[in-house]
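# Per-entry structural report
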Amino acid sequence: MKICVLPGDGIGPEIMAEAVRVLQALDLKFELEEALLGGAAVDASGDPYPEATRKLARAADAVLLGAVGGPKWDSLPREQRPERGLLGIRKDLGLFANLRPAILYPELANASTLKPEIVAGLDILIVRELTGDIYFGQPRGIENRNGERYGFNTMHYTESEIRRIGRVAFEAARKRNKRLCSVDKMNVLETTQLWRDVMTELAPEYPDVELSHMLVDNAAMQLVRAPKQFDVMVTGNMFGDILSDEASMLTGSIGMLPSASLDANNKGLYEPSHGSAPDIAGKGVANPLATILSAAMMLRYTFNREDAASRIEDAVKKVLAQGYRTGDIFEPGATKVGTKQMGDAVLAAL
Ligand code: NAD
């Protein structure tokens, strides 16, 4: 189990230190190697995704990333910005499947803007296709036509692109409650009619998973009306972009949300959904749980170690039940802890 560890910038190194401690406590045989990405790499070499990092990331089975970016690098030319490093590694590793769970632990139900009874205990997973769709379609542009400006983009998917993201979603549903909802707009868009057809064709290969379909406008509505009806949702790049942000905000706590981006062989890049939080970097107050939960996703999806993944997730649940909170999820009556103390609490719960 070869893991490339990229702490990155801002709070990255602080939260990564805790995730690494948790991994090391599991008594599994990991090979952990650290490298630079983002602003830290720009400072060292002028390149946000340097060759040494590329080599390590390619050779590893999984990459665990903190976060990149910060005001220090915002005025650099675009190709030297830390975010370029992130786009670079995602592209280089061919990561086409983005998995974003939205979990709201009952203890944190007050963090959501929705009523606690609607969201308490929420546990859904959005699988978003990441490399196709209207975001990458050609032709695209803004042109002058018939005396006015004309903007256009092209939505497209091949059936093999749909099939490979479909397989990731069916497999993910298998590891959860075995219900998959495919989201499209087949009543208006031919591309998504094909999406629905291919998903339906795949279903017989996964007889243990119950497949349903929903139009994207209804899905957006259902996510705020009754989000707990969903287990796994799979959708294209643009709909997924919007729905995964909507789903994550149901939880109201950005410091808690992990994510995974996978290639066709379940090699993955695992990272918290939040950024580098420069406003609190270096203060020892950042919430390390999203990164720790990203490590759990890595064990589940790349290494097929459901047992170890659940151990970490159970430890996080226990710590929340014990009342430990970092500043971002703090409520009166809870025990306020810093990054390292939160890591200590997770280790103790493990
Ligand atoms: P952010 O997620 O870094 O921060 C938003 C707010 O949430 C801040 O108030 C921050 O303090 C808080 N926050 C975030 N993570 C937290 C944690 N673990 N614990 C406690 N509080 C936390 O988003 P932003 O402020 O828009 O961006 C800051 C920098 O991060 C920018 O340079 C941006 O480009 C970069 N960024 C990187 C990634 C990534 O690496 N994947 C993603 C988003 C933003």
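None of these values were measured; they are calculated from a predicted model.

## Re the site of the ligand
Not every one of the 19 residues close to the ligand is listed here, only the nearest: E83, G275, A277, D279 and N287. Note that an oxygen atom of the ligand is positioned 2.8 Å from one of the backbone N or O atoms of A277. Interatomic distance of 2.9 Å between a backbone N/O atom of N287 and a nitrogen atom of the ligand. Along the lines of polarity and charge, the residues of the shell around the ligand split into nine nonpolar, six polar and four charged.

## Looking at the packing of helix α1 (residues 12-24) against helix α12 (residues 339-349)
When two helices pack together, their arrangement is given by the angle between the helix axes and by the axis-to-axis distance. Close contact between α1 and α12 brings their axes to 9 Å; oriented N to C, the two are set at 15 degrees. By the criterion of interaxial angle, the relationship of α1 to α12 is roughly parallel. Remark: the crossing between α1 and α12 carries right-handed chirality. On α12, the residues that touch E14, I15, E18, R21 and V22 of α1 are T339, K340, G343, D344, V346 and L347. Residue composition of the contact of α1 with α12, grouped by class: four nonpolar, two polar and five charged.

## Some remarks on α1
Residues separated by three or four positions in an α-helix point in the same direction, a consequence of the helix having 3.6 residues per turn. With 13 residues, α1 extends 18 Å between its outermost C-alpha atoms, agreeing within 8% with the 18 Å of an ideal straight helix rising 1.5 Å per residue. Among the residues of α1, those classed as buried are G12, E14, I15, M16, E18, A19, V20, V22 and L23.

## Structural notes on the side chain of T339
Assignment of secondary structure puts T339 in helix α12. Apart from residues lying up to four places away in sequence, T339 is in contact with E14, I15, E18, G284, V285, A286 and P288.

## Some thoughts on the domain arrangement of the protein
Here the domain parsing of the protein yields domain 1 (1-96 + 263-350) and domain 2 (105-253). Domain 1 and domain 2 are separated by 25 Å when their C-alpha centres are compared. Between domain 1 and domain 2, the contact holds 13 residues from the first and 16 residues from the second. Carbon and sulfur atoms supply 64% of the area that domain 1 and domain 2 bury against each other, a total of about 1300 Å² over both sides. Area buried by domain 1 at its contact with domain 2 is led by F96, Y301 and L320, which between them contribute 46% of it. In this structure, the connection of domain 1 to domain 2 is made through zero salt bridges. Linking domain 1 to domain 2 there are four residue pairs in polar contact (both at pLDDT 80 or more). Listing elements by their share of the side of domain 1 that touches domain 2, those giving two or more residues are α10 (289-301) and α11 (306-321). At four residues, α11 tops the list of elements feeding residues into the side of domain 1 that touches domain 2. Counted by class, the side of domain 1 that touches domain 2 contains eight nonpolar, one polar and four charged residues.

## Observations concerning the sheet that holds strand β5 (residues 123-129)
Strands pair in a sheet through their backbones, by hydrogen bonds, and they do so in one of two ways: parallel or antiparallel. Taken together, the ten strands give an open sheet; going across it, the order is β2-β1-β3-β12-β11-β4-β5-β10-β8-β9, and neighbouring strands pair in mixed fashion. Single-partner strands in this sheet number two, and they are β2 (31-34) and β9 (210-215). In this sheet, neighbouring strand axes are inclined to one another by 20 degrees on average, regardless of whether the strands run parallel or antiparallel. Where strand β8 (residues 179-184) lies against strand β10 (residues 232-235), three bridges are found, and the strand directions are parallel. Its bridge partner being in β10, L180 is matched across the sheet by V232. Helix-sheet contacts for α1 involve β1 (2-8), β2, β3 (62-67) and β12 (268-272), and the interaxial angle to β1 is about 155 degrees. Contacting β5, β8, β9 and β10, helix α8 (residues 216-225) crosses the sheet at an angle of about 100 degrees to β9.

What counts and how
- Residues numbered from 1 in each chain as written.
- Predicted model: local features only at pLDDT ≥ 70, side-chain atom pairs only at ≥ 80, totals over all residues.
- Heavy atoms only, no water.
- Near = heavy atom within 4 Å.
- Polar contact = N/O pair within 3.5 Å; in protein donor to acceptor, adjacent residues only side chain to side chain.
- Nonpolar A, V, L, I, M, F, W, Y, C, P; charged D, E, K, R; others polar.
- Axes fitted to C-alpha atoms, helices over the stretch in contact; angles between N-to-C directions.
- Helix = DSSP H or I, 4+ residues; strand = E, 2+ residues; numbered from the N terminus.
- Parallel < 35°, antiparallel > 145°, perpendicular 65-115°, else oblique.
- Left-handed = near helix turned anticlockwise from the far one by under 90°.
- Contact = heavy atoms within 4.5 Å.
- Expected span 1.5 Å × (residues − 1).
- Buried < 20%, exposed > 50% of the residue type's maximum accessible area, 1.4 Å probe, protein only.
- Domains from an automatic or database assignment.
- Buried area = accessible area lost by both parts, 1.4 Å probe.
- Salt bridge = Lys/Arg side-chain N within 4 Å of Asp/Glu carboxyl O.
- Pairing = 2+ DSSP bridges.

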